[in-house]
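# Observations on the three-dimensional arrangement
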Amino acid sequence: MVSVGSKALASRRARSCCNLVEDNLILMGREDKSYNQGSKNKGMSRKTKNGSFGFDADHSNKSVSGRATDGTAKPKNSSKYQNTFSEPQPSIVRKQVDPETTKYFSEIVNLFESDGVDFEERPVICGNALEEAKGKEFELATDYYISHTLQILLEGCNVDHLCDFLRGCAKVFPLISMDRSGSHVAETALKSLAMQLQDDEAYSVIEETLTNLCKVIVDSPFDMMCNCYGSHVFRSLLCLCGGVPLDSPEFHRAKPSMILAERLNLSASSAPGNNLSHRHQGFPGLLKFLVLGMLKCSEEDVKSLLVDQYSSLVLQTALKLFAGHDQQLLQIIPVLLNCRKENLTEGNFIEMTAVGDIVELMKEAACSHLMEVILAVSPESLYGEMFAKIFRKSLFELSSHHCGNFVVQALISHARDQEQMECIWEELGPKFRDLLEMGRSGVIASLIATSQRLHIHEHEVCKALADAVCLPNESPRFVVDRILFLESYFACVEKSNWKWPSGAKIHVMGSLILQTVFKFQNQLIQPYITSLTSMEVDHVLEAAKDARGSSLRGHFGELAMHSSGSFTVEKCFNASNLSLREAIASDLLSVQSELPKTKQGPYLLRKLDIDGYANRPDQWRSRQASKQSTYKEFYAAFGSGEAKSSKSDSFLADTSKSTSLTKGIKDVRKEIDHHLASSEKYVKHAVVDDVMKLKNNKHKRGHGGASEKASGSVNQKPFLSVDLKKNKRHGQEEQSKASRKKLKV
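Residues numbered from 1 in each chain as written. Predicted model: local features only at pLDDT ≥ 70, side-chain atom pairs only at ≥ 80, totals over all residues. Heavy atoms only, no water.

Going by the annotation in an unreviewed UniProt entry, the name recorded for the protein chain is nucleolar protein 9, with Salix koriyanagi given as the source organism.

Here it is in structure tokens:
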């Protein structure tokens, strides 16, 4: 439910509306067809501007954003393709909301805010209020304050009143949708329709209402598609007709992380909509009518739709909704690719004369986003034709472009067979170093992942990547280090002098590339294994600490199998917090049967208590937590000032301490371990002694008098518990004294 503020605020709103005189004409058409692309994108904000009240005209000066090499937003230069739609939107006169109507809706707000409406009465009151809106839907929906009240009414009314309202404003629905306030009213109405679909009996009346809306929209869809507010309502309408949740991010705009995970085989790939658990009954006929209707336009209009930020989003949603419906996609996609032939057949979906324009369009930010979706949902026959006619021989050109490279990533990730991958490798295989120098690591990552998925050129892609980050005749020792810091390494002029940039953030794509590489069979990635096992301990610790360096997790078992690596694993374990210790133990558990065959394996298994972790994980965690707690107490009591100032909850130990301090900490750690072990032994001996004393007392009581029995029975239970605690405490005090003496020495 939308909050509309207090009663006092509502009263002030009413007085302001009464005093406002608004006689001017509001032009609803886009006067500036080019959309000043340097202006700030206002999105779906409802915040009022100074000097703005009531009806909000189209303030959607738009900013078509490009993407940086890592997928972040960057400002983009203006497109050479300007919006030149042939049919301008007619102007409309917006009448002032009369004071009586304003007062009426103000009273409705007060009634709801006073909680004076029973749940059963709410639909009736909402319906009656909507009756008062008849003939004034446009003025009320575009009024900043009254629009909030309309949202409350549309959420609380029954399906008949809801549909009556939408049918009453059908002719101006696009204008309402393109308004800053009206767009929220339109969104609320569509969401309420989706909720009403839970009742099967409401389906026919809702279908009739949506049909009226769709007929009005397809008469002139371009302004609504290219408007920042209207496009959002348009996508919600598509989702409603498609039977998917209106607020689904999968259809409005998928998260880049989700897309990247699918491309790199890090998550299961699926067609859009397959994972939705709350689909509702849709209107497939209306969906097709709406989408095909909005594409009935001239060639120049289609180009404008492709490069416009907001219309591109509408088209992306439409394509995702048709995923898996090849017949509909074969009607829609060729139109977007400027092929207008009748009776299209396989092999003739794309005209060769349009290829040059398509390649150039893919260098536009909005069109590149759209092309990614086209490649993801295209039927196999159409994908193959696009691959052969559009992309072949243009892969490196597009990969070099800051927008086009994302299209190439999508093309590679959706390659259907080894033959296509062969063509991709032929053109991009020799260009690994060039692409990394240009910051196009995403193309490399997609290529490696697809090589793995299709089982072709697996050894070649791994070798090409290693060669790209190594100097001629250089050993592969630093391959992993440099991939973790791709940007830093390739920004270094004297690459032979490059060093691990301590404290810098690990490159996200570099980490993801390594995760993909380590999925290959070991014989294919020996340079990477050599590099991993040769990493300096401090570097391994720092990489494991960085959330982006998660590529190292999962490979501690592999490290432990090497003699030098086992030392690194032990160091990492000792310097880590409990969560990373458990991650290391889990990795070693996977190689528990192989580790005893190595030189350091038995020691490492015993030192890290992997058997204890396997059989009694809760007790293992408790022991590790107890050790860490004791370490903190010892550091607080005996550590140097430097040790005391270190954060006790830090993820890793500070590796920048001096050698003497490091040695001191090692000694303290050994002393703690010795203390804990000795305390456990002492407690065991104390228990044994107490048990023996108890047995002796029982024996004496068996041969003694009644007084002895009474004395024994009184002291029997307390003797064991009190003396045991006393012995244990005495043992701890003795151990503590010994520790202090040793540390002082």
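## Remarks on the overall build of the protein chain
A tally of regular secondary structure across the protein chain gives 40 helices and 2 strands. When each of the 745 residues of the protein chain is scored for burial, the buried share is 50%. For the protein chain, contacts bridging at least 24 residues in sequence account for 76% of all contacts bridging at least 6. Carbon and sulfur atoms provide 51% of the accessible area of the protein chain, an area that totals close to 35,800 Å². (Helix = DSSP H or I, 4+ residues; strand = E, 2+ residues; numbered from the N terminus. Buried < 20%, exposed > 50% of the residue type's maximum accessible area, 1.4 Å probe, protein only. Contact = heavy atoms within 4.5 Å. Areas by Shrake-Rupley, 256 points an atom, 1.4 Å probe, with all protein chains shown as cover.)

## Side note on a negative patch on the surface
Negative charge collects at one region of the surface, where Glu419, Glu422, Glu426 and Glu460 lie side by side. For Glu426, the location among the structural elements is in helix α23 (residues 418-428). Its relative accessible area of 53% is what places Glu426 among the exposed residues. (Patch = residues over 30% accessible without salt bridge, like charges linked within 9 Å, V, L, I, M, F, W, Y side chains within 5 Å. Salt bridge = Lys/Arg side-chain N within 4 Å of Asp/Glu carboxyl O. Lys, Arg positive; Asp, Glu negative; His and termini not counted. Charge placed at Lys NZ, Arg CZ, Asp CG, Glu CD.)

## Regarding the pattern of salt bridges
In total, this model carries 11 salt bridges according to the counting rule given. Here Asp357 ties to Lys303 by a salt bridge, and the two come within 3.4 Å at their closest N and O atoms. Of the two residues, Asp357 is situated in helix α18 (residues 355-361) and Lys303 in helix α15 (residues 299-307); the sequence distance between them amounts to 54 residues. Sharing partners across several salt bridges, the network here consists of Glu360, Lys363 and Glu397.

## Focus: the environment of Gln624
Examined against the element boundaries, Gln624 turns out to sit in helix α37 (residues 617-638). Relative accessible area serves as the criterion here: at 6%, Gln624 is assigned to the buried category. Here the alpha-carbon distance between Gln624 and Arg581, two residues 43 residues apart in the chain, equals 8.6 Å. Within the structure, the side chain of Gln624 is placed 2.6 Å from the side chain of Arg581, a separation counted as a polar contact. (Polar contact = N/O pair within 3.5 Å; in protein donor to acceptor, adjacent residues only side chain to side chain.)

## Things to note about the packing of aromatic side chains
Applying the stated criterion across every chain yields a total of 10 aromatic pairs. Ring geometry for Tyr203 and Phe283: centres 4.6 Å apart, planes at 15°, overall stacked. Taken together, the positions of Tyr203 in helix α9 (residues 203-219) and Phe283 in the loop between α13 (256-263) and α14 (284-294) put the pair 80 residues apart, joining distant regions of the chain. As far as the burial class goes, Tyr203 and Phe283 line up, both buried. Above the ring of Tyr383, the side-chain terminus of Arg416 is found at 4.3 Å from the ring centroid. (Phe/Tyr/Trp six-rings, centres within 6.5 Å; stacked < 30°, edge-to-face > 60°. Lys NZ or Arg CZ within 6 Å of the ring centre and 35° of its normal.)

## Section: the nonpolar core
Among the nonpolar cores identified, the biggest contains 188 residues, and Phe391 and Tyr528 are the most heavily contacted of them. It is α9 that contributes the most residues to this core, 8 residues altogether. When sequence neighbours within four positions are dropped, the list of residues in contact with Phe391 reads Met362, Met371, Leu375, Met386, Leu398, Val407, Leu411 and Glu427. (Core = buried A, V, L, I, M, F, W, Y, C linked by side-chain atoms within 4.5 Å.)

## Looking at helix α8 (residues 182-196)
In this model α8 runs 21 Å from its N-terminal to its C-terminal C-alpha over 15 residues, within 8% of the 21 Å that 1.5 Å per residue would give. α8 sits mainly inside the fold: 12 of its 15 residues count as buried. Along α8, the positions that sit buried rather than exposed are Gly182, Ser183, His184, Val185, Ala186, Glu187, Thr188, Ala189, Leu190, Ser192, Leu193 and Ala194. (Expected span 1.5 Å × (residues − 1).)

## Let's talk about the state of the cysteines
Applying the stated criterion across every chain yields a total of 0 disulfides. A disulfide-free cysteine, Cys163 has its sulfur positioned 8.6 Å from the sulfur of Cys157, the nearest such atom. A residue is classified by how much of its surface remains accessible, and Cys163, at 0% relative accessible area, is buried. Note on Cys367: no disulfide assigned, nearest cysteine sulfur contributed by Cys403 at a separation of 10.0 Å. For Cys367, a relative accessible area of 5% corresponds to the buried category. (Disulfide = S-S within 2.5 Å.)

## Some words on the packing of helix α20 (residues 380-391) against α23
The relative placement of two packed helices is expressed as an angle between their axes plus a distance between the axes. Running from N to C, α20 and α23 cross one another at 20°; their axes reach a closest spacing of 12 Å. In terms of orientation, α20 and α23 fall into the roughly parallel class. Where α20 crosses over α23, the two elements pack in a sense that is left-handed. Residues Tyr383, Gly384, Phe387 and Phe391 of α20 lie in contact with α23, whose contacting residues are Gln420, Cys423, Ile424 and Glu427. For the contact of α20 with α23, the residue count by class is 5 nonpolar, 2 polar and 1 charged. (Axes fitted to C-alpha atoms, helices over the stretch in contact; angles between N-to-C directions. Parallel < 35°, antiparallel > 145°, perpendicular 65-115°, else oblique. Left-handed = near helix turned anticlockwise from the far one by under 90°. Nonpolar A, V, L, I, M, F, W, Y, C, P; charged D, E, K, R; others polar.)

## Structural notes on the packing of helix α25 (residues 441-454) against helix α26 (residues 458-468)
Orientation of α25 relative to α26, taken along the N-to-C sense of each, is 155°, at an axis distance of 9 Å. Classified by the angle their axes make, α25 and α26 are roughly antiparallel. In this structure, α25 meets α26 at a crossing whose hand is left-handed. In this structure, α25 uses Ile444, Leu447, Ile448, Ser451 and Gln452 to contact α26, whose residues at the interface are Glu458, Val461 and Leu465.

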